[in-house]
Amino acid sequence: MSAAATTDGAPAGGRGDAVIRAEGLVKSYGAFRALDGLDLTVERGEVHGFLGPNGAGKSTTIRVLLGLLKANAGTVELLGGDPWKDVVALHRRLAYVPGDVTLWPGLTGGQAIDLLGNLRGGLDEERRRDLVERFELDTAKRGRQYSKGNRQKVALVAALSSDVELLILDEPTSGLDPLMEAVFQEEIAKEKARGRSVLLSSHILSEAEALADRISIIRSGKIVDVGTLDELRRGTRTSVQAVLRTPPADPAELRFVKDARLDGTKFTGTVEPDQINEAMAELSRHQISALTVAPPSLEDLFLRHYGTEDDRS
Amino acid sequence: MTAVAGLRPLLKVALVQDRRNIAPWVVLITALSASSVLAYAWVFPDEASRRQLTATLGSNPALALIFGPARDLSTADGFNAWRAGALGAFFAALMAVFIVIRNSRADEDSGQAELLASGVMGRQTRLATAMAMAAFASIALGAVSWLVTLACGGGPWDSLALSATFAGSGLMFTGVAGIAANIGSDARTANTLAVAVLGVAFIVRGYLDAAQAAPWTAWLTPFGWLEEVRPASGNNPWPLLAAVAFAALTAGLALALNRNRDFGMGLIAPKPGPGRGGRETTVWGLAFRLNRGSVISWLIAFAALGVVFGFLAGPVSDVLGDGSAFLPTGASAGSSSMLFAFLVQILQIVAIIAAVFGVQIVMRIYAEETDYRVEPLLAASLSRAKYLASNAVIAFAAPAIALLITGAVLGVVVTATEPGISAGEVFGQAAATIPAVWVLVALALAAVGARPDARLVGWLGVVATFALTLLGPLFRLWDWVLGISPLHHVPSVTAPHPDWTGLLIVALVGLAFTTVAFAGFRRRDIL
């Protein structure tokens, strides 16, 4: 795995119909480079997970895509247009949910939804009613009375009830409770079934794992990995957890299990995907009483890019 | 004292945090005092020029409205007490109001206060800290202003008395702001309440001074008390004690109100509103809705100004009839033309207040942006030009309407007592003043549109116009310097051949600023 693997994961032949294509984006604030040659491609009809920790450049990327910031270098194409120049026409075809929604203190949630919908050229009345009900939103409260999760719901209802091709969601579920998070995931699945494209920026990995067709991982303003979850897992080891009745004296003597560790009878380690059979044979000699074999979760992949390689730069 | 536990550590941190916001006020007010001592010797070097100053200023009611009565203009300290006294007290009060609200109410809106309130901290600590900060700043202002004025050549006792009135004014409005912070349900409302009290007190004092009302009326407003200190012409310290007592009383009331108030709420609870959007779902409607409250209150205030200034015309024409030497440039002899010249000056003052109104609306555009409320709008199908236009229209229209309202009311009220004046001409004069206000609004708009870092320029334009218009002639500045003020180019409509070219140029400059604003707003990054 190297940091240079930037756009390798993009499917071949996908060039024809991308809703977002950014190449070599650079955005600097003084000496600080928020974006440092970022490449990002979102194909039509896919839910694209955009993962990275706080401060990695996710929101800056999105603001460039929305034409709010002008990139210092690089090219951006959004729905076939230039996000800086064709603002009005392009924004009619997309909806956006910011990660930290601030509402107008004097306007009610319902007024804010209608304002945002109206500016986008009207919203689907039936869908609006349905979403308000599903998200259990009180639309008669004033902006300053809403909790964070409820403010987020206002923005979600406004975005999801618009008739658009592309949804740009910047950490859309921050502040939502688990029930509402589930509603959100169902609604995004519906949007996808309708053929809409979604850019889903998040640091909630289970959300991305459940929804995203492809994933881009950003680190310090650069994409460090991109592909489907399977593609991201390629070349990574499967993790094994087992309880052994007769554990080996030295776990290092197991040939096919790497990073082996033993804590009493609890055994953990990793295995190359093509050596699982050999590894199991080796382990079964020690009387397995419980066993979990799982491909690396997104969290493992994520931590590999951030946790252990922090000192790389 | 568990009610204010944690006061000391919080005060220390808050003062360090806020010093950059407080320092400019101290510098400004100190400069006001120090500069008049310095300028006096330079502009009025001899006895003759000082006598002439006393003769012209002593009886100018329009200036008395802003600066209070001129008691003794024959010494530098007396001149300083007049030029810096009322104005310095006004700014000191404004400083105190902003400090208190910023450090109590505004933090509750932003959620920062919640973090503090969860710490080991008494219920009233945050409000007590905010008021302690304002009190500290007021006293520091008094000390700095005294020392600097002294260093510039002011008399020790006279300067002390003057600087003490600044501190007294700050202390009194610390308490007023503390009460307002408990009544309003957010920082903006609380600020409006406190500044409204301040404005009314200042205008009432101005009216009484300009009308040369009975001496006891000086005790009607807090600013009147401070005038009774009479710096450089008596130095009477007793009214200051009254000011301190007033401050203690209002501060105590504020703390009492605070004890029973829910966090984040005011005395006026917000009501639920409509679940569906109406007119405010367009960008034009939104801009109107966001500014509605403040526009309505300002317009009422402007109508009230028209009434107050209109009633002033009667007493003023008596003052003018006393055979004083008050004769503004361009006015020919005759009592009604002198009165009209006075009305022109009044409309200049109203124009400056209208410019404050307009610039405030412009500054709100940027405040919305820093609150990240512009981002979701521009992420919808809305062009930047249209967004800016929706706010710019209000920033231009509202002060213009305000001037017209004052002009109409002023005209009607004046003609009731002074038949020599035509209401139509007063209204016409108000209308003619509008382009001068617009150019100041456009300057602020250019800054907010193109370079928001430099948005202070908007306020500097208003301050410079104020200084040049009201004080410039006094310091006998060159014509080209006075011409920097757009109000200098507004002709009197009663002149036989009013010269409109200057005003046309002013309007064109305003147009240029507006163009810069829109061109810049299209190009810059949005927060």
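These numbers come from a predicted model, not from an experiment. (Residues numbered from 1 in each chain as written. Chains lettered and ligands numbered in written order. Predicted model: local features only at pLDDT ≥ 70, side-chain atom pairs only at ≥ 80, totals over all residues. Heavy atoms only, no water.)

### Topic: the overall build of chain B
On a plain count of helices and strands, chain B comes out with 19 helices and zero strands. Taken against the 2.2 N^0.38 rule, which gives 24 Å for 527 residues, the C-alpha radius of gyration of chain B at 24 Å falls within 12% of a compact globule. If one aligns the C-alpha atoms of chain B with their principal axes, the spans along those axes are about 70 × 55 × 40 Å. The buried share among the 527 residues of chain B stands at 53%. Counted over contacts in chain B with a minimum sequence separation of 6, partners at least 24 positions apart contribute 79%. As presented, chain B carries roughly 22200 Å² of accessible surface, and 69% of it is formed by carbon and sulfur atoms. Across chain B, the mean location of the 32 positive side-chain charges is 10 Å away from that of the 28 negative side-chain charges. (Helix = DSSP H or I, 4+ residues; strand = E, 2+ residues; numbered from the N terminus. Rg over C-alpha atoms; globule rule 2.2 N^0.38 Å. Buried < 20%, exposed > 50% of the residue type's maximum accessible area, 1.4 Å probe, protein only. Contact = heavy atoms within 4.5 Å. Areas by Shrake-Rupley, 256 points an atom, 1.4 Å probe, with all protein chains shown as cover. Lys, Arg positive; Asp, Glu negative; His and termini not counted. Charge placed at Lys NZ, Arg CZ, Asp CG, Glu CD.)

### Focus: the interface of chain B and chain A
Taken together, the contact between chain B and chain A spans 37 residues of the former and 37 residues of the latter. Between chain B and chain A, roughly 3300 Å² of surface is buried when both sides are summed, and carbon and sulfur atoms account for 52% of that area. At the surface where chain B touches chain A, the tally comes to five salt bridges. With its nearest N and O atoms 2.9 Å apart, the salt bridge here joins R276(B) to E125(A). (Buried area = accessible area lost by both parts, 1.4 Å probe. Salt bridge = Lys/Arg side-chain N within 4 Å of Asp/Glu carboxyl O.)

### Focus: empty space enclosed by the protein
All names here are of chain B. One pass over the full model with this rule turns up seven cavities of 30 Å³ or more. Looking at the largest cavity, its volume works out to about 220 Å³. Around the largest cavity sit 19 residues that line it, and R71, A81, G85, E227 and P231 are the ones nearest its centre. Going through the elements one at a time, α4 (76–103), α8 (156–183) and α10 (222–227) are the ones with two or more residues in the lining of the largest cavity. Among the elements that take part in the lining of the largest cavity, α4 stands out by supplying six residues, more than any other. (1 Å grid on protein atoms, 1.4 Å probe; cavity = no way out; pocket = protein on both sides within 12 Å on 5 of 7 lines; lining within 4 Å. Points joined across faces, edges and corners; volume = space filled by probe spheres on them.)

### A short note on the domain arrangement of chain B
All names here are of chain B. Under the domain assignment, chain B is made up of domain 1 (1–269) and domain 2 (280–527). Look at where the C-alpha atoms of domain 1 and domain 2 centre, and you get two points 26 Å apart. Contact residues are listed per partner, giving 26 residues for domain 1 and 22 residues for domain 2. In this assembly, domain 1 packs against domain 2 so that about 2200 Å² is buried in total across both faces, 77% of it on carbon and sulfur atoms. On inspection of domain 1 and its partner domain 2, the count reaches zero salt bridges. (Domains from an automatic or database assignment.)

### Some thoughts on the side chain of T514(B)
All names here are of chain B. In this fold, T514 is placed in helix α19 (residues 501–523). A polar side-chain atom of T514 sits 2.8 Å from the main-chain carbonyl oxygen of G510. Not counting residues up to four positions away in its chain, the partners in contact with T514 are F396, A442 and L445. (Polar contact = N/O pair within 3.5 Å; in protein donor to acceptor, adjacent residues only side chain to side chain.)

### Points about the pairing of strand β8 (residues 214–219) of chain A
Look at any regular strand and the pattern is simple: side chains alternate between the two faces of the sheet. Residue and element names in this part refer to chain A. Counting buried residues in β8 gives six out of six residues, a clear majority hidden from the surface. The two faces of β8 match: R214, S216 and I218 on one face and I215, I217 and R219 on the other face are all buried. Summarising the sheet, β8 and strand β9 (residues 222–227) pair through five bridges and their orientation is antiparallel. Residue pairing across strands places I217 opposite D225, the latter belonging to β9. Taking the residues between adjacent antiparallel strands as the criterion, β8 and β9 are bridged by two residues, where S220 takes a positive phi near 45°. (Pairing = 2+ DSSP bridges.)

### Considerations on the pattern of salt bridges
Residues and elements named next belong to chain A. Applying the stated criterion across every chain yields a total of 40 salt bridges over all chains. Among the salt bridges present, the one from K58 reaches E171, with a minimum N-O distance of 3.3 Å. Here E171 lies in the loop between β6 (166–170) and α6 (178–193) and K58 lies in helix α1 (residues 58–65), a separation of 113 residues in the sequence. With a closest N to O distance of 3.2 Å, R127 and E187 form a salt bridge. With a gap of 60 residues between them, R127 in helix α4 (residues 125–134) and E187 in helix α6 connect regions that are remote in the sequence. Accessibility assignment for this pair places R127 and E187 in one class, buried.

### Some remarks on a negative patch on the surface
Taken together, D124(A), E126(A), D130(A) and E133(A) make up a surface patch of like negative charges. Relative to the helices and strands, E133(A) is located in helix α4. (Patch = residues over 30% accessible without salt bridge, like charges linked within 9 Å, V, L, I, M, F, W, Y side chains within 5 Å.)

### Things to note about α6(A)
Residues and elements named next belong to chain A. Its 16 residues give α6 an end-to-end C-alpha distance of 23 Å, which sits within 8% of 22 Å, the value for a rise of 1.5 Å per residue. Those residues of α6 that sit buried are M180, E181, V183, F184, E187, I188 and E191. Axial view of α6: buried residues confined to an arc of 155°, hence all on one face. Along α6, the residues that are exposed and aim more than 90 degrees away from the buried face are P178, L179 and A193. One side-chain oxygen at the N-terminal end of α6 lies 3.0 Å from the backbone nitrogen of L179; it belongs to D177. Residue G195 follows α6 closely and has a positive phi angle near 90°. (Expected span 1.5 Å × (residues − 1). Arc of directions from axis to C-beta.)

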